[in-house]
Amino acid sequence: MDCHRQFEPNAPTMEREIFGDGHGDAGGKDALEKFLSIDREITRHNGLYYGENAPEISDFTYDQLKAEWETMLAAHPRWIIHSQQSPIGDDRRRGFSKMQHRIPMLSLSNTYGREDVSAFIRNVRNCVGDSVTFAVEPKVDGLAISLIYDGGRLRHAITRGNGVEGDDVTRNVLNIENLPKEIPHIAPLEVRGEIYISLEDFARINEGRSRDGLDPFANARNLAAGSLKLLNPDRARERHLQFIAYEMGIYGENFPDHVAVLGAIASLGIPTNGHWLADGDGAVWDAIVRCREGRSRYAFAIDGAVIKVNGHVHRDRLGSIASAPRWAIAYKYAPDRATTRLLAIKLQVGRTGIVAPVAHLEPVELAGSTIQRATLHNGDEIARHDIREGDTVTVEKAGEVIPAIVAVDVHLRPDSSQPFIYPSHCPACEEPLYRFDGEVAWRCINPNCPPQIIRRLEHFASKGAMDIHSLGGQRIALFHGAGLLDRFSDIYRLHAAPLENFPKLGKKSVQGLLLAIEASKERPLWRLLHGLGIPHVGAQVAKLLEKKWPTMEMIMGATLENLQNCDTIGGTIAESITSFFRSDSNRQLIDELASLGVSMGNATDPSEIRAPSPFSGKSFVITGSFQAFTREELREEIERRGGTVRSAVSKNIHGLIVGAGAGGKLVEARRLGVETVDEAHLHRLLSESTDKE
Ligand code: IVH
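Residues numbered from 1 in each chain as written. Predicted model: local features only at pLDDT ≥ 70, side-chain atom pairs only at ≥ 80, totals over all residues. Heavy atoms only, no water.

Engineer: Sorry, what's going on with the site of the ligand here?
Structural biologist: Near the ligand, the surroundings consist of 15 residues, among which E137, V140, R160, E194 and K308 are the closest. Within the side chain of E137, a nitrogen or oxygen atom sits 2.9 Å from a nitrogen atom of the ligand. P138 places a main-chain nitrogen or oxygen 3.1 Å from a nitrogen atom of the ligand. Bound to the protein, the ligand loses 90% of the 520 Å² it would expose on its own. When contributions to the shell around the ligand are tallied by element, the ones reaching two or more residues are β3 (134-140) and β10 (302-309). It is β3 that contributes the most residues to the shell around the ligand, four residues altogether. Of the residues belonging to the shell around the ligand, the class tally is eight nonpolar, two polar and five charged. (Near = heavy atom within 4 Å. Polar contact = N/O pair within 3.5 Å; in protein donor to acceptor, adjacent residues only side chain to side chain. Areas by Shrake-Rupley, 256 points an atom, 1.4 Å probe, with all protein chains shown as cover. Helix = DSSP H or I, 4+ residues; strand = E, 2+ residues; numbered from the N terminus. Nonpolar A, V, L, I, M, F, W, Y, C, P; charged D, E, K, R; others polar.)

Engineer: I'm lost on the sheet that holds strand β9 (residues 276-278) in this one. Help?
Structural biologist: Strand pairs in the sheet, formed through backbone hydrogen bonds, run parallel or antiparallel to each other. Ordered by their spatial adjacency, five strands build an open sheet running β2-β11-β10-β3-β9, and the pairing between neighbours is mixed. Here the strands that pair on one side only, and so sit at the sheet edges, are β2 (110-111) and β9. Where β3 and β9 come together, three bridges link them in antiparallel fashion. By the bridge assignment, V136 is partnered in β9 with W276. (Pairing = 2+ DSSP bridges.)

Engineer: So what exactly am I meant to see when it comes to a nonpolar patch on the surface here?
Structural biologist: Together, Y434, F436 and I445 make up a nonpolar patch on the protein surface, roughly 280 Å² of accessible area in all. Mapped onto the secondary structure, Y434 falls in strand β17 (residues 433-434). Y434 gets classed as partly exposed once you look at its relative accessible area, which sits at 38%. (Patch = residues over 30% accessible without salt bridge, like charges linked within 9 Å, V, L, I, M, F, W, Y side chains within 5 Å. Salt bridge = Lys/Arg side-chain N within 4 Å of Asp/Glu carboxyl O. Buried < 20%, exposed > 50% of the residue type's maximum accessible area, 1.4 Å probe, protein only.)

Engineer: Could you clarify how one ought to interpret the sheet that holds strand β4 (residues 143-150) in this entry?
Structural biologist: Here four strands make up an open sheet; going across it, the order is β5-β4-β7-β8 and the pairing antiparallel. Only two strands of the sheet have a single partner each, and these edge strands are β5 (153-159) and β8 (242-248). Pairwise comparison of adjacent strand axes, ignoring direction, gives a mean angle of 35 degrees for this sheet. Contacting β4, β5 and β7 (189-196), helix α6 (residues 220-228) runs over the sheet at an angle of about 45 degrees to β4. Contacting β7 and β8, helix α8 (residues 258-267) runs over the sheet at an angle of about 140 degrees to β8. (Axes fitted to C-alpha atoms, helices over the stretch in contact; angles between N-to-C directions. Contact = heavy atoms within 4.5 Å.)

The analysis is restricted to geometry; functional conclusions fall outside its scope.
Now the structure itself:
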């Protein structure tokens, strides 16, 4: 029996005009040209995914491209000499020392088709017999890591790299809270698994970013990969990476099967992936469906199910091909897609002047919500794929990623359609657009461009910065249009008379607005620093600055060297701060704000000296939902009172704050004997300590 015939899943069966022309002769020059163009495209996407952790397309679209590449290669095997592909990608980066894998770290064959899963099962049975059993487990959407324990201690953590050699990321992995650094096992042992950021932490990090006026991270997987490769372990620690094991490398041969391996890993206190055991096609498929249905119960993103042969003897007989074992296959869940019409491509000017193209769509149902907008990334993307207004397009939403246009149906293109010409001038102020070295985005650099002014003011007044209730985007645009608001200082020059003349702005709401503006004058310095919109200075950096230099005068007086010498502030941030305060107009703005009564911090602010609070110096985990706060607000309340909030329950935390609908974390806290605090108790604790604002 031929056990070693390569198992080749079929190409995903979606339409194939996914950004390709679909033309060309079968095996001639055109076909080779097309193969090479796909090959180049794959190389580019590999670089974005593995090298920069910033993919432009979903896994599904990538897999389609790869499947087309494989189909062409199967028909013309000699074309491999022209290809730039390594069989499993490469995540190695400069700045890390390299380490060889004792057992190569392979990837998995992927499929989106049920037929392919059945063919895999048939193939396995033909090879090893019908007694084979399969383990089906969630495919965790993170990044693979190999952990080497020796003498009972975690010695090395190595990324997959190119499968043969990976980056040594031990320093960052040692910060992962849910991973034991010591285990009751002396012999060398290798545990393989996935590093991820929980969906909850991902949402928290992105909320923080949008408050800081930064673009959100595209997905949890890439954020985890980027965080693991941060050269500063303190910054990596803030991202709350987590680990889950799914295989053993070295030492795994001592166990009869996969289930025994998972049991042994769990008995060492290392978190393991769950699994279903299945004996044939029907049971495997049931497990795949159950895994998909239960997706929302997992803390991490799941992009499919992995089907593995359980017995090690069977695995050995099946062996591997260059890039993947023959004893496992990944069934990936296709992302949600819908077809609609691209009504218009509009350009949006952001706070920092970036002019970004946005697709306005005929409303369409997608993944449970109505989609009217999709990202078009940048002008190069539009040109490369010749996306035109009026086109019938396929929109895709993969996981938490912002909806994107992934295909154009050129056959349905109206005769009158014209290629989209990216403007050379700002759509708002008509000044020329610029593109700086190394950037794909076009920018309007006119500081007086109206939408930039409005967005800057909006950011200044926002909840995460000066927190001026009732001064939102619409009112700002209204007041700006009437010539009342231009600079941040104008906010503090507003007075009742002209405002009361605006329709819909009665005496009462004007009064409320002016009171909110007045109250904002006393905000802590970090809020003002953040609100100013200094590039790279978000809320976290602003808090650090305030801690070290508690008045604006002190910050403005700090030299580049002073700033660079501050542990957590790098060169880029330091440059950005000094160049901001070098500008005469920015210094004048600060003077104006100060003379209008806006607080510029206080070196001996009495409110800084806080009464001891039940939270100070203690760490907590928050779970479930609360009536009086969002989780983010609660986190701020605790931090203001000197506490810290962590993401994982461990015996080192002082308490678990439990809201409605709490689940796994509560169970874990009870198991570890960690104290729990319900919402009523929480309110009592909060009122025992006044907050500093
Ligand atoms: S087993 C020989 N099990 O998916 C490869 N991998 O797309 C053994 N992954 O490289 C891997 N969940 O990083 C395995 N339950 C799971 C997994 C899993 C996620 C990742 C892993 C692998 C990639 C392939």
